[in-house]
Amino acid sequence: VSAEDLRQAIRDVPDFPKEGILFKDITTLLQDPTLYREAIDVFLERYRDQKIDKIAAIDARGFLFGSALAYELNAGLVPIRKKGKLPYKTIDVSYELEYGTAEVAVHIDAIKAGERVLLIDDLLATGGTAQASVELIRKLEGDLVEAAFLIELGFLNGRAKLGDVPVFSQMTF
Ligand code: AMP
C-alpha cells in the first residue's frame, strides 16, 4: 500500500455541506481494511518512539484515528469536543468560522502539566479548529509534540495559523 493508494481513496463530494465546498470524504478509505490500517500505521511509525502521554483527538473524525493510535501507543485519549458535550468542568476556547463563531472544550483534568500531547484530526482546512485546540492544550500546560492530520488543504494555509506548532499531514490537496 502506498501513499498514493491512500490519496486515491479519498472521495471528493462537491457542494457538501453547502455550495462551493469540496468535501473530502474519508469514509471510502475507512471502509477498506488495508487502507485504514495503513493510515493508522503511518501515524504509528512516526510517533512510536515519541513518548506520547496523551492523544488529543478532535470531535468527531479525529476520534477515528486517535483512538486506534492511543491504544497502540499506550497513550491516553483526550476528546476535544464541541462546547456543551462534555459532562464535567471544562475550559473552552472560541474561534472564528466563516459565519459566526464556534467553541471547543476539554475537561480541566484531561491533561497534566508537562505531559507530551499529540493533537490529531482527519483534516486541516483553515486551521481554526486546530488552533483553538492548541490553545486548550496549552492552557492545561500540555507539552504539544505535533499536530497530525490525514489530509491538509494546502491552499487554505491552515499551517500558518498554528504558528510554531509542528504540523504533519499524510497528504496535501
Ligand atoms: P478548519 O477549522 O477550517 O481547519 O476545519 C477543520 C475541520 O472541519 C476538520 O475537523 C474537518 O473534518 C472539517 N473540514 C473542513 N473542511 C473540510 C473539507 N473540505 N472536507 C472535509 N472536512 C472538512
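Up top is the structure these notes are about.
First, a word on what this report is: a plain description of the structure on this page.

Quick notes on the rules
- Residues numbered from 1 in each chain as written.
- Predicted model: local features only at pLDDT ≥ 70, side-chain atom pairs only at ≥ 80, totals over all residues.
- Heavy atoms only, no water.
- Near = heavy atom within 4 Å.
- Polar contact = N/O pair within 3.5 Å; in protein donor to acceptor, adjacent residues only side chain to side chain.
- Areas by Shrake-Rupley, 256 points an atom, 1.4 Å probe, with all protein chains shown as cover.
- Phe/Tyr/Trp six-rings, centres within 6.5 Å; stacked < 30°, edge-to-face > 60°.
- Helix = DSSP H or I, 4+ residues; strand = E, 2+ residues; numbered from the N terminus.
- Lys NZ or Arg CZ within 6 Å of the ring centre and 35° of its normal.
- 1 Å grid on protein atoms, 1.4 Å probe; cavity = no way out; pocket = protein on both sides within 12 Å on 5 of 7 lines; lining within 4 Å.
- Points joined across faces, edges and corners; volume = space filled by probe spheres on them.
- Nonpolar A, V, L, I, M, F, W, Y, C, P; charged D, E, K, R; others polar.
- Salt bridge = Lys/Arg side-chain N within 4 Å of Asp/Glu carboxyl O.

**Examining the site of the ligand**
Now for step 1: Of all residues adjacent to the ligand, which total 13 residues, the nearest are Arg61, Asp121, Thr126, Gly127 and Thr129.
Now for step 2: Between the ligand and the protein, one listed contact pairs a nitrogen atom with a backbone N or O atom of Leu22 at 3.0 Å.
Now for step 3: Within the side chain of Arg61, a nitrogen or oxygen atom sits 2.6 Å from an oxygen atom of the ligand.
Now for step 4: Protein coverage of the free-state accessible area of the ligand, which is 480 Å², stands at 81%.

**As for the packing of aromatic side chains**
Now for step 1: Applying the stated rule across the entire model yields four aromatic pairs.
Now for step 2: Aromatic pair Phe43 and Phe65: ring centres 6.2 Å apart, planes at 75°, arrangement edge-to-face. Taken as a pair, Phe43 in helix H3 (residues 33-47) and Phe65 in helix H4 (residues 61-73) lie far apart in primary sequence, 22 residues in all.
Now for step 3: Joined through ring pairs, the aromatic side chains of Tyr36, Phe43, Phe65 and Phe168 make up one cluster.
Now for step 4: The ring of Phe173 has Arg7 sitting right over it, with the charged end atom 4.4 Å from the ring centre.

**Looking at the layout of surface pockets**
Now for step 1: Of the pockets and cavities examined, the largest pocket occupies roughly 1100 Å³.
Now for step 2: Lining the largest pocket are 36 residues, with Arg61, Leu97, Leu123, Ala125 and Thr129 positioned closest to its centre.
Now for step 3: Put simply, the parts of the chain that give the lining of the largest pocket at least two residues each are strand S2 (22-25), strand S4 (76-82), strand S5 (90-96), strand S6 (101-107), strand S7 (116-124) and helix H5 (128-139).
Now for step 4: No other element matches S7, which puts four residues into the lining of the largest pocket.
Now for step 5: Residues belonging to the lining of the largest pocket are distributed by class as follows: 20 nonpolar, five polar and 11 charged.

**A word on the pattern of salt bridges**
Now for step 1: Applying the stated criterion across every chain, the model contains 11 salt bridges.
Now for step 2: The closest approach of N and O atoms between Arg138 and Asp164, which form a salt bridge, is 3.5 Å. Here Asp164 lies in the loop between helix H6 (158-161) and strand S9 (167-172) and Arg138 lies in helix H5, a separation of 26 residues in the sequence.
Now for step 3: What you see here is one network of salt bridges that share partners, running through Lys83, Asp92 and Glu103.

As far as function goes, none of this settles anything; it's purely spatial.
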